[in-house]
Amino acid sequence: MTGIYGEILTFPQQSGPDIRLRVFGSHDYSRYETISGFTVIYDHGLGQFCYAMESGEDLVSTGVSLDHSPPEGIVRHLSEPNRTVGNVVERLRRGESAEARSHHTVNRTFGPNQGLLNGRRLSIGTIRGLTILVNFSDVVSTTTAAHVAHMTNGPNYTLNGNASSVRDYFLTVSNGKLDYTNTVVGPYTLSQPRAFYMTQLLVEEALGLAVADGVDLSHFDSQGEGIVDALNILYAGQSVYQGNLWPHNSFLELTHGGVRTNLYLLTGLGRNPNELTIGTFCHENGHLLCRFPDMYDYGSRDDDDQDSAGIGRYCLMGSGNHLDFGRSPAPVCAYLRDLAGWCDNVIDLNTDGNYESIHGDYGTVMKYRSSKPNEYFVVENRTRQGLDRALPASGLAVYHCDIFGSNEYQQGSATRHYQCALLQADGRRDLENDARNQGDSEDLFAQVSGIALTSTTNPHTREWDMRDSGLILADISAPADMMSFTVGATSPTVTATGESMPNLAIPDNLAGGITDAIVIAASGVVERILVKVDIVHTYIGDLLIELSAPSGTRDVLHARQGGSQDDLLTIYDSDQPGELNAMIGQPMQGIWTLHVSDRAGLDTGTLVKWELTIVSTSLDRSADSQIAVSAPVPRGRPVRS
Ligand SMILES: [Zn+2]
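These figures come from a predicted structure and were not determined experimentally. (Residues numbered from 1 in each chain as written. Predicted model: local features only at pLDDT ≥ 70, side-chain atom pairs only at ≥ 80, totals over all residues. Heavy atoms only, no water.)

K.L.:
Give me the lowdown on the sheet that holds strand β30 (residues 590-598), citing residues and values where you can.
P.N.:
Strand order in the open sheet formed by 4 strands is β25-β30-β27-β28, and the pairing between neighbours is antiparallel. Because the sheet does not close on itself, it has two edges, and the strands there are β25 (510-520) and β28 (554-559). Each strand axis lies, on average, 20 degrees off the axis of its neighbour in the sheet, ignoring direction. The pairing of strand β27 (residues 543-548) with β30 spans 6 bridges and is antiparallel. The partner of leucine 547 across the bridge, within β30, is leucine 594. (Pairing = 2+ DSSP bridges. Helix = DSSP H or I, 4+ residues; strand = E, 2+ residues; numbered from the N terminus. Axes fitted to C-alpha atoms, helices over the stretch in contact; angles between N-to-C directions.)

Encoded structure:
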């Protein structure tokens, strides 16, 4: 099912105009608020949304519709206590058949089947789905079966800004292992108006209309078991996040011609073809075909009354299906792709060394095993491109996984923790602490020189029982097609520094200018370099400043920027984009030369002082006392005995 976190959506009323409300929740429990924050309830008697009021532990309708001002004394953001929510869910489940309940684990954020949901799994092979379009007697869509067939099966489908068709989405994320196509029929017209199906299920009627129209269910039984692979019902109009029309998937056994249905998906078709998006269709089929659990938190459920975001936007099964209004759903994350059996190439990170993670290489999973078989870490390149184009951040993702966990549990304790937790680079644990934050620009690791993750950093790589997993990640490159990083026990990161105070006058308007040198005796390779300059001058726009390495490689620090500004006291840092890039990887031992020239007449100045700081992973300690030893970093390809 699909979770919603405060999005504003439009709702039909039987006896009133459509209305815009903020929604929180999921198919089996939801809460609605006016834009100004008053909780409302759909009053079936009046056929309208009305302000809600407390009655004991429940919320009930005041009978005052929203075209009136809120009744005296009503406060904003009313919500039902956890116990009531649980009772509501239980009441809903009680209406289901035993078979249907068996498909419901206690909650769908927990995967009893080695991390996946119970039930028939069709995540590999050529799978055929039946998609039935229906109109209500009072709501009709102009979308045709051809429009939907294009969205579900079309090669290079990009209408409405969609990233691809559903078929291409699953072919891509499954590394070609799941070829899922749909036969689209209809639209058929249901016998009742839309409001009727808020409380009644339309699946049986829709299927009956399709069979009466000559649809042969055996065509959708790719396994030859007399069971329909997948049944998708799309109803006219936008998805209604209310009652039985809330987009969801569930189990219903209906038999026609000796073939029976199993799992089905129900969601909105949109009012017209321009509203077709693949996000929710892919998410619900992730449940239906692959038995993926939800990777978001249902809120107050299972004696956990705190809401959180789970993995948020970073996976189709979190809230990634809503990225770019459902047009660019996030890929299925590496953790679930691995559970689905889509990754032939398993890279074991338990060997020290340098690694490369290729973006979009969906057949590969990079894993670091912990002391427990069910718990491990997964690393994945999530540079903001391709299917990741709408992600909130760009860089390397590190997930802490446990197939016995549940994304309902944000506590992060030994007994209550996520099934797949993103170790957010900013260390703020926003996904766990704030359900409104479904992901932000500081969640992924990008361009980290030196240590990024150990058992003592924040976030850390300790196991859920706080045991040190031994995982050390360092030297993560910038987001790109290929991101490199190193794993394992490392030799010390060292820093060599030098300074010079020449107090040298810079000849006016002379290209030759002046030079000054700093000698670095230590040997090693530059991994990071910082240059601090202190120049007194009355017009820094005259100045050209360059640095040359012992190898002769030269890089420009200041190219006559700054105009009439006085004096230059600044630090150039290779960690900053576009600065000193040419120096990375250079041998550091030898003479480093600063070249300063004044390229225009009239204004003059002096090179007062400059400093050089070089960070490296390999240093010949015996060389020089100007060395500072700090946290360890990796050294080349593996393995130390
Ligand atoms: Zn779901």
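K.L.:
Can you tell me about helix α5 (residues 203-212), naming the residues and giving the values?
P.N.:
Counting along an α-helix, one turn takes 3.6 residues, and residues three or four places apart therefore face a common direction. Every buried residue of α5 is accounted for by Val203, Ala206, Leu207 and Ala210. The buried residues of α5 occupy an angular sector of 95 degrees when the element is viewed end-on, so they sit on one face. Of the exposed residues in α5, those oriented more than 90 degrees away from the buried face are Glu204 and Ala212. Where α5 is buried, its residues contact β7 (125-135), β8 (178-189), β9 (230-236), β11 (255-256) and β13 (263-270). (Buried < 20%, exposed > 50% of the residue type's maximum accessible area, 1.4 Å probe, protein only. Arc of directions from axis to C-beta. Contact = heavy atoms within 4.5 Å.)

K.L.:
So, the side chain of asparagine 232: which residues are in play, and what are the values?
P.N.:
Mapped onto the secondary structure, asparagine 232 falls in strand β9. A distance of 3.5 Å separates the side chain of asparagine 232 from the side chain of asparagine 285, its partner in a polar contact. If near-sequence neighbours (up to four positions away) are discounted, asparagine 232 is found in contact with Leu130, Thr131, Ile132, Tyr180, Asn182, Leu265, Phe281, Asn285 and Leu288. (Polar contact = N/O pair within 3.5 Å; in protein donor to acceptor, adjacent residues only side chain to side chain.)

K.L.:
Account for the packing of helix α4 (residues 166-173) against helix α6 (residues 279-288), naming residues and giving values.
P.N.:
Two quantities define a packed helix pair, namely the angle between the axes and the distance from one axis to the other. Packing of α4 against α6 brings their axes to within 10 Å, and their N-to-C directions diverge by 55 degrees. As far as their axial angle goes, α6 and α4 are oblique. As α4 packs across α6, the resulting crossing turns out to be right-handed. Mapping the contact onto sequence places Val166, Tyr169 and Phe170 in α4 and Phe281, Cys282, Asn285 and Gly286 in α6. Of the residues contributing to the contact of α4 with α6, the split by class is 5 nonpolar, 2 polar and no charged. (Parallel < 35°, antiparallel > 145°, perpendicular 65-115°, else oblique. Left-handed = near helix turned anticlockwise from the far one by under 90°. Nonpolar A, V, L, I, M, F, W, Y, C, P; charged D, E, K, R; others polar.)

K.L.:
Would you mind going over the packing of aromatic side chains in detail, with residue names and values included?
P.N.:
Tallied over the full model, the rule gives 16 aromatic pairs. With centroids separated by 6.1 Å and ring planes inclined at 90 degrees, the aromatic side chains of phenylalanine 38 and tyrosine 51 adopt a geometry described as edge-to-face. Of this pair, phenylalanine 38 sits in the loop between β3 (29-33) and β4 (39-43) while tyrosine 51 sits in strand β5 (residues 48-55), placing them 13 residues apart in sequence. Comparing phenylalanine 38 with tyrosine 51 shows no difference in burial state: the two are buried. (Phe/Tyr/Trp six-rings, centres within 6.5 Å; stacked < 30°, edge-to-face > 60°.)

So far we have only geometry, and geometry alone does not tell us how the molecule works.
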